[in-house]
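Residue-level structural notes
Spelled out, the chains give:
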Amino acid sequence: MTAFSEAERAYLKSQRLGRLATVDQHGQPQANPVGFFPQDDGTILIGGHAMGRTKKWRNLQRNPKVALVVDDIVSLKPWRVRGIDIRGEAELLTGPHELGPHFSEEVIRVHPRRIHSWGLEEG
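Thresholds applied
- Residues numbered from 1 in each chain as written.
- Predicted model: local features only at pLDDT ≥ 70, side-chain atom pairs only at ≥ 80, totals over all residues.
- Heavy atoms only, no water.
- Helix = DSSP H or I, 4+ residues; strand = E, 2+ residues; numbered from the N terminus.
- Buried < 20%, exposed > 50% of the residue type's maximum accessible area, 1.4 Å probe, protein only.
- Pairing = 2+ DSSP bridges.
- Axes fitted to C-alpha atoms, helices over the stretch in contact; angles between N-to-C directions.
- Contact = heavy atoms within 4.5 Å.
- Arc of directions from axis to C-beta.

As annotated in an unreviewed UniProt entry, the protein chain carries the name Pyridoxamine 5'-phosphate oxidase and comes from Streptomyces griseorubiginosus.

Right, here's the structure in full:
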């Protein structure tokens with residue numbers, strides 16, 4: 001597994017929304033906005049309402065490859081963006097967790113294999 005830098009960890013902890021891309025049964029990408037939770041072990045948990053009934057869950061049952069992009073616009077003038085692109089493999093978990101009572105018991109754990117970030121060094 002690839003490790004996050006200090007700047008990448010701090011950035012992920014400051015954000016709440018990302019876009020998770022999975023691959024559907026026809027080999028086509030599907031991207032969805034998701035809430036995510038960086039973990040101390042370097043993985044990222046993704047939870048949701050009725051996660052086990054979603055297309056992303058079904059996609060991951062067939063193909064565990066994922067991409068998670070988290071980015072934002074820091075400034076319009078001058079134009080300045082920052083973000084992180086995480087490629088990896090998903091592990092599907094079912095059972096109790098600490099993400100909150102409004103989440104279903106199905107959770108996606110992303111194991112990063114490649115991390116690319118931009119604009120984080122500027123704060």
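Observations regarding unusual backbone geometry
Omega for the peptide link from Lys-77 to Pro-78 comes to 0 degrees, which places this bond in the cis form. At Ala-50, a position not held by glycine, the phi torsion is positive, near 55 degrees. Summarising the element assignment, Ala-50 is placed in the loop between β3 (44–47) and α2 (55–62). Judged by its relative accessible area of 15%, Ala-50 falls in the buried class.

Let's talk about the sheet that holds strand β4 (residues 65–75)
Around the barrel, which closes on itself, the six strands sit in the order β1-β2-β3-β6-β5-β4 with antiparallel pairing between neighbours. Strand-to-strand, the axes of this sheet are offset by a mean angle of 40 degrees, without reference to chain direction. Note: strand β2 (residues 29–38) against β3, four bridges, orientation antiparallel. Among the inter-strand pairings, Gly-35 is bridged to a residue of β3, identified as Gly-47. Across the sheet, helix α1 (residues 6–14) is in contact with β2, β3, β4, β5 (80–94) and β6 (106–118); its angle to β5 comes to roughly 80 degrees. Against the sheet, α2 engages β1 (17–23), β2, β4, β5 and β6, with an angle of about 70 degrees to β5.

Some points on α1
Given 3.6 residues to a turn, an α-helix orients residues that are three or four positions apart in the same direction. Within the span of α1, buried status applies to Glu-8, Tyr-11 and Leu-12. Axial view of α1: buried residues confined to an arc of 100 degrees, hence all on one face. Of the surrounding elements, those touching the buried residues of α1 are β2, β3, β4, β5 and β6.

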